[in-house]
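Residues per chain are reported as follows:
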Amino acid sequence: MLNRLYNILFANYGDLNWWPAETPFEVCIGAILTQNTNWKNVEKAINNMKIKGVLSPKEILNTDLNVLKDLIKPAGFYNQKAERLQIFCNFIMNQLNGDILNLKKYSIHEARDKLLSLKGVGKETADSILLYALDFKIFVVDAYTMRLFRRYGIGYFDNYDKCQDFVHKDFHGELYDYKNFHACIVEICKTYCKKKPLCNICLLKKYCKKVLE
DNA sequence: AGCCAGGCCTGCC
DNA sequence: GGCAGGCATGGC
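Residues numbered from 1 in each chain as written. Chains lettered and ligands numbered in written order. Predicted model: local features only at pLDDT ≥ 70, side-chain atom pairs only at ≥ 80, totals over all residues. Heavy atoms only, no water.

Asker: Is there a simple way to explain the protein's contact with DNA strand C in this structure?
Answerer: The full set of residues close to DNA strand C is Asn36, Lys40, Asn41, Lys44, Lys73, Pro74, Gly76, Phe77, Tyr78, Asn79 and Gln80. Those atoms of DNA strand C that come within 4 Å of the protein belong to sugar or phosphate at a rate of 60%. For DNA strand C, a phosphate oxygen lies 3.0 Å from a polar atom in the side chain of Lys44. Here a sugar or linking oxygen of DNA strand C and a backbone polar atom of Phe77 are 3.0 Å apart. Looking at the surface near DNA strand C, the elements with two or more residues in it are α3 (39-51) and α6 (78-95). For the surface near DNA strand C, the class distribution of residues is 3 nonpolar, 5 polar and 3 charged. (Near = heavy atom within 4 Å. Polar contact = N/O pair within 3.5 Å; in protein donor to acceptor, adjacent residues only side chain to side chain. Helix = DSSP H or I, 4+ residues; strand = E, 2+ residues; numbered from the N terminus. Nonpolar A, V, L, I, M, F, W, Y, C, P; charged D, E, K, R; others polar.)

What follows is the structure, given as structure tokens:
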């Protein structure tokens, strides 16, 4: 089922080259900043940080909280996100010797639990970091995924874990496919599966018809 | 002008 | 252990 969906999406979108970031650490920053936020606004925030040279855990911790808030303001929720960024950086400095890649020394479950224990890191953020920054093979579920599956009859899931389990059982692919599948889902939903139910254009229905046949 | 965005935490029940 | 309510900016 999901491999057919992915094949169709891939035929249309190809390699979307996710996650858009220059370093694994930048993936993490983006993952926190994009929580319930348009990616274009996140780009502005990350760009502000780059301009000011605030790009590493050390630099983020050395930046005054109010200054940090000002830099990431375009990404919204800047009060909580600035604090969460510093909590995350403290975790990297104190437990990972300053490098997020040291999380790869743990099993995927241990790494996930460590991330989830941080205030401001929920399941989607943790899984995005595991998949796109650390190359752990895990599927990232988001609001788009569950909406797409539900609205077009692929499956109804009332929580994150059940949806992720379904994908892990049904979808067979390499690490790259896990990265690009999630990217393709986001991409098609941006156009054809917005929150409004009436946003369903026939193109998506055609996609799903092919999948469900 | 109004809806929406690549969530998460808290505080109720 | 489910579920509102709050968080905030900018794009379209």
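Asker: Just checking my understanding: could you explain the environment of Lys104 for this structure?
Answerer: You can see Lys104 is positioned in the loop between α6 and α7 (108-116). For the pair Lys104 and Asp135, spaced 31 residues apart in sequence, the C-alpha separation works out to 8.6 Å. Filtering out sequence-adjacent residues up to four positions away, Lys104 remains in contact with Leu134, Asp135 and Phe136. A polar contact is formed between the side chain of Lys104 and the backbone oxygen of Leu134, at a distance of 3.4 Å. (Contact = heavy atoms within 4.5 Å.)

Asker: Just checking my understanding: could you explain the pattern of salt bridges for this structure?
Answerer: It is possible for side chains of opposite charge to pair when their charged atoms get near one another. All chains considered together, the criterion is met by 8 salt bridges. As a salt-bridge pair, Asp135 and Lys179 come within 2.6 Å of each other at their nearest N and O atoms. Taken together, the positions of Asp135 in the loop between α8 (123-133) and α9 (143-151) and Lys179 in helix α11 (residues 175-192) put the pair 44 residues apart, joining distant regions of the chain. The salt bridge involving Asp158 is made with Lys162; its shortest N-O contact spans 3.4 Å. Judged by relative accessible area, which is 45%, Lys162 ranks as partly exposed. A single network of salt bridges, built from pairs that share partners, joins Glu22, Glu26 and Lys50. (Salt bridge = Lys/Arg side-chain N within 4 Å of Asp/Glu carboxyl O. Buried < 20%, exposed > 50% of the residue type's maximum accessible area, 1.4 Å probe, protein only.)

Asker: It is not clear to me how the protein's contact with DNA strand B should be interpreted in this structure. Could you clarify?
Answerer: Near DNA strand B there are 26 residues, and of these Trp19, Gly122, Thr125, Tyr144 and Lys196 occur at the shortest range. Counting only the atoms of DNA strand B that lie within 4 Å of the protein, the sugar and phosphate share comes to 68%. At a separation of 2.5 Å, a phosphate oxygen of DNA strand B approaches a polar side-chain atom of Tyr144. For the surface near DNA strand B, the secondary-structure elements that each account for two or more residues are α6, α8, α9 and α11. A breakdown of the residues in the surface near DNA strand B according to their chemical character gives 8 nonpolar, 9 polar and 9 charged.

Asker: Help me out: how do you make sense of the nonpolar core in this one?
Answerer: Across soluble globular proteins, nonpolar side chains have a tendency to be buried as a group. Judged by nonpolar contacts, the single largest core of 66 residues is most densely connected at Leu33, Met49 and Phe88. Each of domain 1 (2-16 + 139-212) and domain 2 (24-133) gives at least three residues to this core. (Core = buried A, V, L, I, M, F, W, Y, C linked by side-chain atoms within 4.5 Å. Domains from an automatic or database assignment.)

Asker: What is the right way to look at the packing of α9 against helix α10 (residues 160-170) in this model?
Answerer: When two helices pack together, their arrangement is given by the angle between the helix axes and the distance between those axes. Between α9 and α10, whose axes approach to 11 Å, the crossing angle comes to 70 degrees. Considering their axes alone, α9 and α10 lie roughly perpendicular with respect to each other. The segment α9 lies against α10, with Thr145, Met146 and Phe149 engaging Tyr160, Cys163, Phe166 and Val167. Among the residues making up the contact of α9 with α10, the classes are represented as 6 nonpolar, 1 polar and no charged. (Axes fitted to C-alpha atoms, helices over the stretch in contact; angles between N-to-C directions. Parallel < 35°, antiparallel > 145°, perpendicular 65-115°, else oblique.)

Asker: Sorry, what's going on with the domain arrangement of chain A here?
Answerer: Quite often, the size of an interface is put as the accessible area lost when its parts meet. By the assigned domains, chain A splits into domain 1 (2-16 + 139-212) and domain 2 (24-133). For domain 1 and domain 2, the distance between their C-alpha centres works out to 26 Å. Of the residues lining the interface, 12 residues belong to domain 1; the matching set on domain 2 comes to 7 residues. Across the interface of domain 1 and domain 2, roughly 810 Å² is buried in total on both sides, 58% from carbon and sulfur atoms. (Buried area = accessible area lost by both parts, 1.4 Å probe.)

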